[in-house]
Every structure is written in structure tokens, then in C-alpha cells.
Amino acid sequence: THQWIGTFSGPGNGDYRAELRQALQAITAYAAALALPLSHVIMRVDGLYGNTAPVREILSCQCGVIGRSKQYAWLDLPEVQSRLQSPPDVQVIHPESGTVRDLYDCLAVPLTAQGPIVRLLVATHPAGDHKPTVGVVRKETVYELFYTTLPPHAFTPSDVLQIYLHRGSFETVLSDEDQEQDPDRWVSRTACGQEFWQIIAQWIWNLRLELGQHLT
């Protein structure tokens, strides 16, 4: 729908764990309002939520999820090490950067002794001259981790990677709101007034989309 479903603000960089819980509540409420089963919802989350504790919270929502992990200790799990000894499932080339990645699909990996069990996708490519901004380097190879609950018979390893990496295809939609409503402009002399303006701007955007749909 291209609608905003939540607005969370806080001092500094905010409280990302509290904001995650608020976001999960907003997503489940939005799905309920549209009569969408949670099993039909896919959330994409950034590496900030790539540790075990946030992953547990996300999985408790019972939605599908694709996320990047920064818990590189998962590479040392026996299931993952065993999979890396075999040939990759597929090799993909990023259409913009030209980066060639080998993808290893680890179908059932327990993130701790008590769970949860997720599907872990390991993407590797040769290390360059500069330290990569994402991933960890081991023996001149860059390793990136992605976790998901999506079933392999419906989403291949390359599907999972493309859905995550091609986030720009939907982030460009956000520029429409910026251009048409200019919500970033200053309208208040106080922080709380400016935050209130941001919330109102997003609600009005949702209302415009809803009215436009009815008109169509």
C-alpha cells in the first residue's frame, strides 16, 4: 500500500529494542486490520537486529522475516562449517556493483542450544584492498550472513538475497512523500512540535493514498 504504519522517535539514536517491539505491534495490528494472515507478511530488518536476542523477538511475531546478521560467531557452528565445505548452491552477480557472491544455504541452524532454528544464508566473495563496510573477512574472503524463515521451496537463495539487497526499489517510494509534502521542513520552534509535525505528515500521506484508492 506504500503506507506508513508506525512512527517512533526518541532522544539521540533512540532505543532500538523498544522501537522494535513497537514496530512488531504495529505490523501485527496492520495485518489484522487488513485481514492478512501473519504467515503472508514478510519483514525485512537491518543488521542492527542481527543478534540472537532481537532475532528471538522478531520470530515471536510469527511473520516471515529476512534479515542481515552481524553475529559472525554463527559461522563457527558445526552445521555452517560443514555446509561451507561443499560447493555453493548458486553464484549471483549484483547488477549494479558487479560483486560476485557464492551463496551457501544452511536450511536449519540452531542459533543457540535452546533455539531458535532458522535458515541461514552465507554469502561469500573475495576480499579487496579495503576493509568491507559489511561482513567479516576470514582468509581473504568476505562472509556475509542473512537469516530468514522463508521456505526454500518458495524462495531460492538468490531470491532471499535479492529481496534483501534490492531494498532501494521500494525506498525510492519514500521520495514521493518528500517531494509532495516536504515533511522535513521546519515548522516548529520546539522539538516536540517538530515531532508532532512528522507524525501528522505521515498520517496525511496515508489518508491521501486511501482517498486516491477510493477515487480510482
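Everything numeric in this text was worked out from a predicted model, so none of it was measured. (Residues numbered from 1 in each chain as written. Predicted model: local features only at pLDDT ≥ 70, side-chain atom pairs only at ≥ 80, totals over all residues. Heavy atoms only, no water.)

Enquirer: Sorry if this is basic, but what is going on with the pairing of strand β7 (residues 141-148) here?
Expert: Look at any regular strand and the pattern is simple: side chains alternate between the two faces of the sheet. Buried residues dominate β7, accounting for 7 of its 8 residues. As defined by bridge partners, strand β2 (residues 64-69) adjoins β7 across 4 bridges and the pair is classed as antiparallel. Bridge pairing links glycine 67 to tyrosine 147 in β7. Of the pairings in the sheet, the one linking strand β6 (residues 136-138) to β7 comprises 3 bridges and is antiparallel in character. Its bridge partner being in β7, arginine 138 is matched across the sheet by threonine 141. In textbook terms, the turn of a hairpin is the stretch between consecutive antiparallel strands, and for β6 and β7 this stretch comprises 2 residues, one of which, lysine 139, has a positive phi near 50°. (Buried < 20%, exposed > 50% of the residue type's maximum accessible area, 1.4 Å probe, protein only. Helix = DSSP H or I, 4+ residues; strand = E, 2+ residues; numbered from the N terminus. Pairing = 2+ DSSP bridges.)

Enquirer: How should I be thinking about the pairing of strand β1 (residues 42-45) in this particular structure?
Expert: Every second residue of β1 is oriented toward a common face, the buried set being Met43 and Val45 and the non-buried set Ile42 and Arg44. Across 4 bridges, β1 lies against β2 in parallel orientation. Paired with arginine 44 across the bridge in β2 is isoleucine 66. Taking the sense of rotation as the criterion, the β-α-β connection linking β1, helix α2 (residues 52-59) and β2 turns out right-handed. (Right-handed = clockwise from strand over helix to strand, strands pointing away.)

Enquirer: It is not clear to me how the nonpolar core should be interpreted in this structure. Could you clarify?
Expert: Across soluble globular proteins, you tend to see nonpolar side chains buried next to one another. Counting residues in each nonpolar core, the largest one holds 29 residues, and the members touching the most others are Met43, Ile58, Trp74, Val80, Leu120, Val122 and Tyr147. Among the elements of the structure, α1 (16-33), β1, α2, α3 (78-84), β4 (100-110), β5 (117-126) and β7 are those that each provide at least two residues to this core. At 4 residues, the largest contribution of residues to this core is made by α1. Once residues lying within four places of it in the same chain are set aside, the contact partners of isoleucine 58 are Leu20, Leu24, Met43, Val45, Tyr49, Val65 and Tyr147. (Core = buried A, V, L, I, M, F, W, Y, C linked by side-chain atoms within 4.5 Å. Contact = heavy atoms within 4.5 Å.)

Enquirer: When you look at the layout of surface pockets in this model, what are you seeing that I'm missing?
Expert: The method is simple in principle: a probe with the dimensions of a water molecule rolls over the atoms, and the space it marks as empty is what remains. Estimated volume of the second largest pocket: approximately 220 Å³. Residue lining of the second largest pocket: Arg68, His94, Ser97, Thr99, Arg101, His125, Pro132, Thr133, Val134, Glu144 and Leu165, and that is the complete set. Of the residues assigned to the lining of the second largest pocket, the class counts are 3 nonpolar, 5 polar and 3 charged. (1 Å grid on protein atoms, 1.4 Å probe; cavity = no way out; pocket = protein on both sides within 12 Å on 5 of 7 lines; lining within 4 Å. Points joined across faces, edges and corners; volume = space filled by probe spheres on them. Nonpolar A, V, L, I, M, F, W, Y, C, P; charged D, E, K, R; others polar.)

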